[in-house]
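One-letter residues, chain by chain:
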Amino acid sequence: MTVKERIETRRELLHNPIAEKITKSAAFFALGFAFSCGSVLGELHPFGVSIVAVTKRRYLLYCSLGATLGALTRGFNAYSVRCIFAVLLAFLCAFGISALDLGASPLPALGGAFLSELVTGLVLNLSLGENFYSYILTLGECILSAGGAYFFYRTLHASYKRLRFRALPLSDVSCIVIFITLLVMNLSSLKISYFTPARIISVAAMLLVLRFMGDRWGLIFAVCLGFSLSISKGELLFLTGAFAFSVMTASLFLQLSFPAAGGAFLCSAAFFCIASESSDSFSLFIDCAIGTAICVLLPQKITDKLEALGGGGLDAAPDGTLRQSLVLKLRFAGAAMAAISESVEQVSDKIDEITRRENAALKDKISAEEYASREIILEKTNQIRRVASDQFFSISGMLEDLAFEFDSAEIFDSAASAKIRRLLGEYEIYPQSISVVEDKYSRMRVEILLDNIAPELESPKLKKEIGKICSRYFDDARVTVFRDEAMLSFNERANYRLEVGFAQHSAEGHLCGDTVKIIDDGKGHSILIISDGMGKGSRAALDGAMGAGLLSKLIHAGFGFDCALKVVNCALLVKSNDESLATLDIANIDMFTGKCEILKSGAPASYILKGKAISKCELFSMPAGILRGIEFARRTAVLSLEDSIVLMSDGISDSGEVWLKETLKSVSALPSQEAADYILSSALELNNGEHLDDMSVIVARLKRN
């Protein structure tokens, strides 16, 4: 049988209605038995009735049979007969609740449990002629039964669609914890030789919760489970404090290793067992030792599943979280800016219309020179208004890009952030904030905001320890300084890296009109940019540097390419009275998948080298700085291992396509820097050394990281 057939067979078994019903019926039978055979203070048995009262009609019979059998384990006497009749009354109440469809509220089930215990208790007390104390106990048993029914109802009706414990509301989690503690209390009366299974399970549960959900939840479970075990037997009342203190001790050693935490828990538990002088001390220590050993020796596959079950819910960001609120506010702000842009555009058109009518009316009353001057001023004013409108629209795009970035961050791992904060505290580094973000592609980054950069933060040892906390491999830290603050970023190590080579030659003087930028956006992408300013020399160098510099800063800050192009275009439009433009040639390469997005604004063709095969990517578009509303032309390709992409300015591409393809074939096996140098020297040789235009070329080859 193939793996696929096994998966299909397992899926069919899991979704088999008959198998599912048998499993659930057996589970309710076991619950009825477990809650009925236990006791509170050795005299009260309220919880068998509680579980029957909240069970749905489909499984009611099985739960009632289990509760009846559990009552008989205590022998056949007047008290066990009373319990059986109480179960029968609870059965009738639950059946009536289901028949009348009253199960939407827990109140009918609470009333059924209370009345079942009250009626049977009063009958028994009257028939035996019990004293006043017995009636008080009966009332207490009724209250416990009703309270248990409420917690059982909430537990059975909690949403388990996403089986992640901490993804549930806190109220549901509390009810589940109480359900577990009551179950443990009822099972604590079962003993096999020296061993008490309920205590072994409780110790294992405490340590696993401590490991996978943190010390706060570990302490909560320790107090609840310790109380449930101690209340069943008077001489074990010390267990609540013993388990709580032992879990606190274990949490101090958890950073070293989980076996160390288990050893600390066992030593602390041993101290309490000896100090208590209880007849059950030796048995209790054996139970603690077995529970600890089970946790420490769990297979990796099981611990991985437990980690997802216990820790995933904290990171899932449900609707209504701060993140979602921030995304909505950014989107509303973006829409508001777009509306302002439209309003400015409409007002500008109206003012232009009115002013032109006024100029036309004055044409015959003023000189030709004055009329021409008024028209030039009007045109320049209109251009400024339109650029202002474009700026508002660019801000709208920026806000949309930020909203998308926050929305695409699937998980904010608060647990990992807390562990990293404790780790940095050991180095006496106290950051302002720590964010551990996992995006929708499961790529993780760690961002640490500090007042200043400590030398220890960039050490390989610290990077390794942070990677161990997050279960990822990270690249070296990147430092970004904002005035008096600094951001330290660790990005998950990608599958690939780029071997990049570039070469340039200036056509006039020492300043090249082309600007080359190679940046990492911090999200697993390497971005190659060539910006070619109009003309050559210092003026072209200024335009090229302005285009590439602004674009790279905006992309590095997290804004999208389209938004960044609008800002660059506006900046070039208002830079000077003279015409000012720059082409933009961009390759955005995903270092995890090899996907390459090519974007061009007036730039010449690019080439992809796959061995000796050459693919040309030529896209027609306008350069930035000429007209409003320009957009990138785009194309997507996929680079495989050892494939190369070549970007160049028109100083090289204008030398001829036939020559260029032959040159690219000859450099396909060379290292990237040698290939870039050879392409540039060949272009200069072809033009007899004449500097017709500025020349730039980037060769980037995909390598295994």
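First, a word on what this report is: a plain description of the structure on this page. (Residues numbered from 1 in each chain as written. Predicted model: local features only at pLDDT ≥ 70, side-chain atom pairs only at ≥ 80, totals over all residues. Heavy atoms only, no water.)

**Quick word on the sheet that holds strand β12 (residues 613-617)**
Worth spelling out the cut-off: In this scheme, strands are said to pair when DSSP sees at least two bridges between them. Numbering of helices and strands runs from the N terminus; a helix is a DSSP stretch of H or I covering at least four residues, while a strand is a stretch of E covering at least two. Note on method: axes are straight lines fitted to C-alpha atoms, helices fitted across the in-contact stretch only, with angles between N-to-C directions ranging 0 to 180 degrees. Contacts were defined at the residue level, with two residues in contact if any of their heavy atoms lie within 4.5 Å.
Pairing is antiparallel across the open sheet formed by five strands, whose spatial order is β6-β15-β14-β11-β12. In this open sheet, the two edge strands, each paired with only one partner strand, are β6 (496-505) and β12. Recorded for the sheet is a direction-independent mean angle of 20° between the axes of neighbouring strands. As judged from the five bridges shared by strand β14 (residues 644-648) and strand β15 (residues 695-704), these two strands associate in the antiparallel manner. The residue bridging V646 from the neighbouring strand is V699, located in β15. With respect to the sheet, helix α23 (residues 672-686) is in contact with β6, β14 and β15, its orientation differing from that of β6 by roughly 25°.

**Concerning the pairing of strand β8 (residues 525-533)**
The test is simple: Working definition: with a 1.4 Å probe on protein chains only, accessible area under 20% of the residue-type maximum means buried, over 50% means exposed, and in between means partly exposed.
Most of β8 is tucked away: nine of the nine residues are buried. Neither face of β8 is left uncovered, since the one carrying H525, I527, I529, S531 and G533 and the one carrying S526, L528, I530 and D532 both have all their residues buried. Across seven bridges, the pairing between strand β7 (residues 514-520) and β8 is antiparallel. Residue pairing in the sheet places V516 in a bridge with I530 of β8. Counting the residues that bridge the hairpin from β7 to β8 gives four residues, and of these G522 lies at a positive phi of roughly 80°.

**Some points on the packing of helix α9 (residues 197-213) against helix α10 (residues 215-230)**
Basically, it comes down to this: Any angle from 65 to 115 degrees is called roughly perpendicular, while one under 35 is roughly parallel, one over 145 is roughly antiparallel, and all others are oblique. Throughout, a crossing is termed right-handed when the near helix is turned clockwise from the far one, and left-handed when it is turned anticlockwise from it by less than a right angle. Charged residues are taken to be Asp, Glu, Lys and Arg, nonpolar residues to be Ala, Val, Leu, Ile, Met, Phe, Trp, Tyr, Cys and Pro, and polar residues to be all remaining types, Gly included.
Axis separation between α9 and α10 bottoms out at 7 Å; the angle between their running directions is 165°. Relative to α10, the element α9 is oriented roughly antiparallel. For α9 against α10, the interelement crossing comes out right-handed. Contacts from A198, R199, S202, A205, M206, V209, L210 and M213 in α9 reach D215, W217, G218, F221, A222, L225 and L229 in α10. By residue class, the composition of the contact of α9 with α10 is eleven nonpolar, two polar and two charged.

**Regarding the packing of helix α5 (residues 78-99) against helix α6 (residues 107-128)**
One way to put it is that α5 packs onto α6 with a least axis distance of 9 Å and a crossing angle of 150°. One finds that α5 runs roughly antiparallel with respect to α6. The chirality of how α5 crosses α6 is right-handed. Touching A78, Y79, R82, F85, A86, L89, A90, C93 and I97 of α5 are P108, A109, G112, S116, E117, V119, T120, G121, L124 and L128, all from α6. In the contact of α5 with α6, the residues fall into 13 nonpolar, four polar and two charged.

**Examining the pattern of salt bridges**
The condition that has to hold: Every case where a carboxyl oxygen of Asp or Glu lies within 4 Å of a side-chain nitrogen of Lys or Arg is listed as a salt bridge.
For the coordinates displayed, the defined rule picks out 17 salt bridges. K703 serves as the salt-bridge partner of E642, at 3.2 Å between the closest nitrogen and oxygen. Residue E642 is found in the loop between β13 (633-638) and β14, and its partner K703 is found in strand β15; the two are separated by 61 residues along the sequence. With relative accessibility at 39%, the residue E642 sits in the partly exposed group. Of the residues examined, K703 reaches a relative accessible area of 17% and is grouped as buried. The network of salt bridges with shared partners includes K616, E618, E657 and K661.

**Focus on the nonpolar core**
What counts here: Note on terminology: a nonpolar core comprises buried Ala, Val, Leu, Ile, Met, Phe, Trp, Tyr and Cys residues joined through side-chain atoms within 4.5 Å.
Core analysis: the biggest nonpolar cluster contains 30 residues, and W217, F243 and F265 have the highest contact counts within it. Taken together, the elements giving at least two residues each to this core come down to α8 (170-187), α9, α10, α11 (239-253), α12 (258-276) and α13 (281-296). Ranked by size, the runner-up nonpolar core spans 26 residues in total, among them F35, V54, Y153 and L182.

**So, the environment of K523**
Turning to its location among the elements, K523 is positioned in the loop between β7 and β8. As for K523 and D590, which are separated by 67 residues in sequence, their C-alpha atoms are 8.7 Å apart.

**Description of the pairing of strand β11 (residues 606-610)**
Most of β11 sits inside the fold, with four of its five residues counted as buried. Relative to β12, β11 runs antiparallel, the two being bridged by five bridges. Bridge pairing in β12 places K610 opposite A613. Taking the residues that link successive antiparallel strands as the turn, the β11-β12 hairpin has two residues, and the phi of G611 there is positive, at about 70°. Relative to β14, β11 runs antiparallel, the two sharing three bridges. The residue of β14 that forms the bridge with Y607 is V646.

**So, the side chain of K703**
The criterion, for reference: Definition of a polar contact: a pair of N or O atoms within 3.5 Å, with one able to donate and the other able to accept a hydrogen when the atoms are protein atoms, and with sequence-neighbouring residues admitted only if both atoms are side-chain atoms.
Side chain to side chain, K703 and E642 meet in a polar contact 3.2 Å long. In contact with K703, other than residues within four places in its own chain, are N495, Y496, R497, E499, L641 and E642.

**Considering a nonpolar patch on the surface**
Quick note on the threshold: Residues qualify for a patch when their relative accessible area is over 30% and they have no salt bridge, like charges being joined within 9 Å and the nonpolar side chains of Val, Leu, Ile, Met, Phe, Trp and Tyr within 5 Å. Here the Shrake-Rupley method, with its probe set to 1.4 Å, supplies the accessible areas, and only the displayed protein chains count as covering residues.
Among the surface-exposed residues, F29, L61, Y62, L65, L69, L72 and F76 lie close enough to one another that they form a single nonpolar patch of about 670 Å² accessible area. Considering each element in turn, the nonpolar patch owes the most residues, five residues, to helix α4 (residues 57-72). Residue classification places F76 among the exposed residues on the basis of a relative accessible area of 70%.

**Describing the environment of R422**
Note on placement: R422 falls in helix α17 (residues 414-426). You can call R422 partly exposed: its relative accessible area is 43%. When the C-alpha positions of R422 and Q255 are compared, they lie 9.2 Å apart, and in sequence the two are 167 residues distant.

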